Amino acid sequence: MIGLISATAAGAAARDRLAAAWPDRTRVYGGPVADAVRTAFAECDRIVCFLATGAVVRLVAPLLDDKRTDPGVVCVDEGGRFAVSLVGGHGGGANGLARAVGEVLGAEPVVTTATDAVGLAGLDTLGLPVEGDVAGVSRALLDGVPVALRAEVAWPLPPLPVAREGADAAYAVRVTDRAVEPAGGEVVLRPPSLVVGVGASRGAPVGEVLGLVRDTLREAGLSAASVAELATVDAKAEEPGIVGAAERLGVPLVTYPADALAGVEVPNPSDAPLAAVGTPSVAEAAALVGGGELLVPKRKSAAAPARATCAVVRRPGRGRLAVVGLGPGARDLVTPRARAELRRASVLVGLDQYVDQIRDLLRPGTRVLESGLGAEEERARTAVEQARRGHAVALIGSGDAGVYAMASPALAEASDDIDVVGVPGVTAALAAGAILGAPLGHDHVSISLSDLHTPWEVIERRVRAAAEADLVVTFYNPRSRGRDWQLPKALAILAEHREPSTPVGVVRNASRADESSRLSTLAALDPATVDMMTVVTVGNTATREISGRMVTPRGYRWQEDPATRRSPAPSSRASGSGTFASEQPEETL
């Protein structure tokens, strides 16, 4: 819960805006400010004070105890101009809260944590349990002192400017699920790589199940902090001893049908569970059903008779592939989600000219694998291969990565052994449409005129279909030095079905510094003025030029009274369409 505290009318106005935006996440504290701060500090995990920073410092100073448990505190000035991360930047979540508050209120987030200030990922913000010399290793990273990465378990971490894996260094980041104590100058990260399969007889006490799990981990030299889940058969989903053990360990309980477990090959099958729940193995099979390495085969609890069993499996970290659309070129059209994925990735794969556009958005330590034009399939294979090695990978493309870009070849290479995330981007067609006016106001289609990957016969068939269907058409890759006849041919096909005066919009380098645009007509457009950096949008039979803008109406009937721009009566049907103009709800087109 986020506590909200204010002292003046101006502060209360900003407070109420935040409370309205986050109704389920916030609680407003009234009364004397000092009392409100004390109460919120005890009840909330984060606090936003709409007060001067000096006042908040004096109010919270006597309450501070431990940065690992104190709530994060953000201070917003009464003018709503700045959201200052004051206390608990990492552990208390104040840095992220300051940014989130800034987005809601339009305030500038102020974050002074050293790692955040220079773009480094904080070792205590990676979402993994962390032990050891966090401050010392973080300082070494900031100072450029060599820090070794010792990854005993592959896990998709964000970028860290560390020395090559296994190198000797005074400082180190160790990624392990082993029960080891951090050495001097070392940080140990605990990935959630262990799955504990559990079986239990009816009525087995929590203490017996929990004791078995803890003893097994300790004797195997494994850390309980790396246990991702307990797993068992569906029939034991409500067994109190198993449910209670999962709750005490603070991990989820995952269950599987007996027939799914019966199909898992295990080293120690037994007739007893087969008779009881329908599978020859519960503990081993439940741990192994998702794959992985069996570290501890089935073992029984020490009670007599033993009423619990468990087995431990290490599942490899699943690599993560984010396919990211960068938009048409303008920096402010790179979405916040795309920026977040770029900062999350430890490996970036992309076309060299696209990498150059966003290189400054990458965190220090990001490994960049770039290549030139024409290497799309190679880039896709590289990105998938890096993800399969357990890395967090961003594969970038212009516009939307799923539109004539890298998503298709990447997903053709990827299988279900990695996690894949698509990040949409603003397409060239959308950027060009916004520049031209509203040419895509009704049904439209995008067609690439490049026959490098698609036979011209197929392209021509699609152009003819679009022409006959009276669709607005956006042509990608319209003309290059080696392909100068395809655009004239496509325009000629459209001209068989549209008037010579049909508006045509031409936009070059949409949204970039050297952007240019113009309106022409189907008859007047000179294809020689078009190149590969250009998007050509051809209107349908209803598209018109209005005040220098290209507009396609949402209905099939055009406004017949240019003085008032009023549509005909909604009861009048469009010729040949059978569609009412008033039947075009904005959200459905």
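Asks: What's the story with the sheet that holds strand β13 (residues 253-256) in this structure? I'm lost.
Replies: Hydrogen bonds between backbone groups are what pair the strands of a sheet, and the pairing can be parallel or antiparallel. What the five strands build is an open sheet, ordered β13-β12-β11-β15-β14; its pairing is mixed. Lying at the two open borders of the sheet, with one neighbouring strand each, are β13 and β14 (293-300). Along the sheet, successive strands turn relative to each other by an average axial angle of 25 degrees, direction set aside. Packing against the sheet, helix α7 (residues 206-219) makes contact with β11 (194-200), β12 (227-233), β14 and β15 (308-314), and its axis sits at approximately 40 degrees to β15. The sheet strands contacting helix α8 (residues 240-249) are β11, β12 and β13, and the helix crosses β12 at an angle near 175 degrees.

Asks: So what exactly am I meant to see when it comes to the sheet that holds strand β21 (residues 437-438) here?
Replies: Spatial strand order, β21-β28-β27: three strands in an open sheet with mixed pairing. Here the strands that pair on one side only, and so sit at the sheet edges, are β21 and β27 (544-546). Of the pairings in the sheet, the one linking β27 to strand β28 (residues 549-551) comprises three bridges and is antiparallel in character. Along β28, the bridge assignment pairs Arg-544 with Val-551.

Asks: Just checking my understanding: could you explain the confidence of the model for the chain for this structure?
Replies: Interpretation of the predicted coordinates at a detailed level should be avoided for regions scoring low in pLDDT. Scored by pLDDT, the chain comes out at a mean of 88, with 93% of its residues at no less than 70. Every residue in residues 561-589 scores below 50 in pLDDT, and together they form 33 contacts with partners more than four places removed in sequence or on other chains.

Asks: Could you clarify how one ought to interpret the packing of aromatic side chains in this entry?
Replies: To describe a pair of aromatic rings, one takes the distance between the centres and the angle between the planes. The tally for this structure, following the rule as stated, stands at two aromatic pairs. Look at Trp-456 and Trp-485: their rings are 5.0 Å apart centre to centre, the planes differ by 70 degrees, and that puts the pair in the edge-to-face class. In this pair, Trp-456 sits in helix α17 (residues 456-468) while Trp-485 sits in the loop between β23 (472-476) and α18 (486-495), placing the two residues 29 residues apart along the sequence. The positively charged end of Arg-25 is found above the aromatic ring belonging to Trp-22, 4.2 Å away from the centroid.

Asks: Just checking my understanding: could you explain the pairing of strand β3 (residues 46-50) for this structure?
Replies: Working note: regular strand, side chains alternate between the two faces of the sheet. Burial analysis of β3 places four of its five residues in the buried class, which makes it a mostly covered element. Bridging between strand β1 (residues 2-6) and β3 involves five bridges; their strand directions are parallel. Across the sheet, the residue bridging to Ser-6 is Phe-50, located in β3. Looking at chain direction, β3 and strand β4 (residues 72-76) are connected through four bridges and run parallel.

Asks: Please clarify how the pairing of strand β18 (residues 367-371) should be interpreted in this entry.
Replies: Bridge count between strand β17 (residues 347-351) and β18: five bridges; the pairing is parallel. Paired with Val-349 across the bridge in β18 is Leu-369.

Asks: How should I be thinking about the environment of Val-368 in this particular structure?
Replies: Here Val-368 lies in strand β18. Here Val-368 is in contact with Leu-348, Val-355, Arg-359 and Leu-362, once residues within four sequence places are set aside.

Conventions we followed
Residues numbered from 1 in each chain as written. Predicted model: local features only at pLDDT ≥ 70, side-chain atom pairs only at ≥ 80, totals over all residues. Heavy atoms only, no water. Pairing = 2+ DSSP bridges. Helix = DSSP H or I, 4+ residues; strand = E, 2+ residues; numbered from the N terminus. Axes fitted to C-alpha atoms, helices over the stretch in contact; angles between N-to-C directions. Contact = heavy atoms within 4.5 Å. pLDDT = per-residue confidence, 0-100. Phe/Tyr/Trp six-rings, centres within 6.5 Å; stacked < 30°, edge-to-face > 60°. Lys NZ or Arg CZ within 6 Å of the ring centre and 35° of its normal. Buried < 20%, exposed > 50% of the residue type's maximum accessible area, 1.4 Å probe, protein only.

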